Amino acid sequence: MLSTTSCCADKGLARQQLGAAIDASGTAVTPANHAGSATPGAQADLLVVGQIVTNDAGAPTAEAMAISAGRIIGIGSMSDVEGLTNSATTTLKADGVVIPGLIEPHMHIWTSLINLDWIDLSNEACPTFDDAVATIKATAAKTPAGQYVLGKLFDPSRYPGEPPLTRAILDQAVPDHPVLVMNASQHYLYANSAALAAAGVTDATPDPAGGSFGRVDGKLNGIIGEPPAMMMMMARFPKPSPAQVAAGVRQILAACASQGVTSMREAATGSLAGVAELAALHQINGAQRLPVRVSTAQFSIMAGKASPADAAAAWKAAGVTPFSGDEMVRADAWKVVTDGSNQGRSGYFFQPYLGEDNGGHADWTPEGVRAALKAGLDDGWQLMVHTNGDAAVEFALEAVEDVLPGYGSADLRHRFEHVSFTTDDQLARLAKAGISVSFLMNHVYYWGAAFRDTILGPARAGRLDRVASAYRAGLLPSLHSDYNVTKVHPLLSARTAVLRQLQADGSVLNPAECATREQALAAITTNAAWQIHADDRGSLQLGKRADFAFASANPWTSDPADWDKIAVHATFIDGTPAWQS
Ligand SMILES: [Zn+2]
């Protein structure tokens, strides 16, 4: 009944590598409080002047913003803020256009740490199969003898017509160093002979339960499937220290900030090391403020806990209750995953995948998923439900339609995640049930052609990430990266929501689903802020938090086709520097 499949990572594998370092944080969840609160009648301690874009339709631009204790106490013309400053007020002249800090409503810190420093073999970095092999070879040439060459984000679905990345191909490129390449789905590793030897895996090694060592005529072909077998390949890797984990967390969040993000949601907190993950975030933030505010979604499956109810009890016992924490690290939601990844052909569909006779399956029984949802609802959590295929949306929707009416009308803002393929009926029912949606918009940009041509066919592919239909159904969608499934780049996601242009061939995937400029920008600001219970963020308005970025252009007036080229120079949280280039 319980699943180890997620949208993003192999939890067992990551736990093996990172568990001990995170466990060292213990289970004492101790918030640090960096934030102040503005007092009525206060004078500004900071005055930001320049071209300010507010994301407030009533007053879209301003030339000055007065800030006291991290809150906006005045915004408008210079004369509007005149009475709010005194000799103690610091003036900050904007380096570029001031935009509201962007909101990343679904990404992963912990499971992304496992291969943070591995070389990038994504289709974007390596446009052809041969480029990927050449990158592996070039990396090996710079790697000291005996050390591993490690690559990530390799995606065979982006190289149609090319052979599988086998041991023979890797041996030819790199005969001496051990080489391991992780598939973008994180469900496969590709190994050369040296890596198999280093792990002690031979032709005679039996497949572990739930994993496989690919073989041809009894000989290992270097293709290793699923966590139990992948873990055997990595069992002898050095484990990171808590200091290295802390540095990795900061590195990931700094990369978010470099795209203008000031608030994010960690979408599977506790999946590797339980409560210790949240304790670690507070400790790292306590030592030095994090560069991005973190909202956490507590994972409903916890190592060592038999059921979601037991996981919920563990969170509660540690004092992790809805909205506990502080304004930098706050626990907000309850995460339930109902199917796999569509590009990995493990999403759950009504119709089979192209070339197959099955369309995937749900990760739970109907009773099981209801129990998982109730475990969170009983403690008052916002639901965050991963659904990828259209049958998974149906499966999860039937469950929430069944259980939610028993839980009153608290403003919890339950969400479905990815909701990649939907019917009109499902969107209408989501709206009726009061469930908002968040789209992994980069699905269209990076995998749209693969869905259309090799995975699902054109009719189904056109129903991918229906932002315009979601708005028409009365929903207020957000856009997310699901990092490290794709890179954190909200303005690229928004660009794709407007253009629906495919990276592979530049064609447009179902123009009827193109969002307007305003819809796309709301999806990475105010809608996303609302979904992470951050109503005081997403726009620059009186009383809101002074979370903003200095950018090279105003997205609200520039061509959406150029949004991905907008550079961010610096970000600020509560008016104080959070990150700079
Ligand atoms: Zn995810």
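Residues numbered from 1 in each chain as written. Predicted model: local features only at pLDDT ≥ 70, side-chain atom pairs only at ≥ 80, totals over all residues. Heavy atoms only, no water.

(A) Molecular detail of the overall build of the protein. Along the backbone of the protein there are 18 helices and 23 strands. By the compact-globule yardstick of 25 Å for 581 residues, the protein fits well, its C-alpha radius of gyration being 24 Å. Counting every atom, the protein has about 20,600 Å² of accessible surface; 54% of that belongs to carbon and sulfur. In the protein, the 41 positive side-chain charges and the 57 negative ones have mean positions that sit 2 Å from each other. (Helix = DSSP H or I, 4+ residues; strand = E, 2+ residues; numbered from the N terminus. Rg over C-alpha atoms; globule rule 2.2 N^0.38 Å. Areas by Shrake-Rupley, 256 points an atom, 1.4 Å probe, with all protein chains shown as cover. Lys, Arg positive; Asp, Glu negative; His and termini not counted. Charge placed at Lys NZ, Arg CZ, Asp CG, Glu CD.)

(B) Main features of helix H12 (residues 424-432). Along H12, the residues classified as buried are Gln426, Leu427, Arg429 and Leu430. All buried residues of H12 project into a common sector of 165° when viewed along the axis, lining one side. Relative to its buried face, H12 has exposed residues pointing more than 90 degrees away, namely Asp424 and Lys432. On its buried face, H12 sits against helix H11 (390-403), strand S18 (415-418), strand S19 (436-440) and helix H15 (467-472). Positive backbone phi, approximately 75°, marks glycine 434, located one or two places after H12. (Buried < 20%, exposed > 50% of the residue type's maximum accessible area, 1.4 Å probe, protein only. Arc of directions from axis to C-beta. Contact = heavy atoms within 4.5 Å.)

(C) Seen up close, the packing of H11 against H12. Where H11 meets H12, the axes come as close as 11 Å, and the angle between the chain directions of the two elements is 30°. Judged by the inter-axis angle, H11 sits roughly parallel to H12. Note on packing geometry: the crossing formed by H11 with H12 is left-handed. Packed against H11, whose contacting residues are Asp390, Val393, Glu394, Leu397, Glu398 and Glu401, the element H12 presents Gln426, Arg429 and Leu430 at the interface. The class makeup of the residues in the contact of H11 with H12 is three nonpolar, one polar and five charged. (Axes fitted to C-alpha atoms, helices over the stretch in contact; angles between N-to-C directions. Parallel < 35°, antiparallel > 145°, perpendicular 65-115°, else oblique. Left-handed = near helix turned anticlockwise from the far one by under 90°. Nonpolar A, V, L, I, M, F, W, Y, C, P; charged D, E, K, R; others polar.)

(D) Local environment of the nonpolar core. With 139 residues, the main nonpolar core has Trp110, Met233 and Val249 as its most contacted residues. Apart from residues no more than four positions distant in its own chain, tryptophan 110 is found in contact with Leu18, Ile22, Val245, Val249, Glu266, Thr269, Leu272, Glu277, Ala280 and Leu281. (Core = buried A, V, L, I, M, F, W, Y, C linked by side-chain atoms within 4.5 Å.)

(E) Expanded view of H11. In this model H11 runs 20 Å from its N-terminal to its C-terminal C-alpha over 14 residues, within 8% of the 20 Å that 1.5 Å per residue would give. Where burial is concerned, most of H11 is hidden: eleven out of the 14 residues are buried. Listed in full, the buried residues belonging to H11 are Asp390, Ala391, Ala392, Val393, Glu394, Phe395, Ala396, Leu397, Ala399, Val400 and Val403. Elements that come into contact with the buried residues of H11 comprise helix H10 (366-377), strand S17 (382-387), S18 and H12. (Expected span 1.5 Å × (residues − 1).)

(F) The arrangement of unusual backbone geometry in detail. Following tyrosine 483, the chain continues to asparagine 484 via a peptide bond in cis, the omega torsion being 10°. Structurally, asparagine 484 can be placed in the loop between strand S20 (478-480) and helix H16 (490-499). Phi is positive for histidine 418, which is not a glycine, with a value near 75°. Structurally, histidine 418 can be placed in strand S18.

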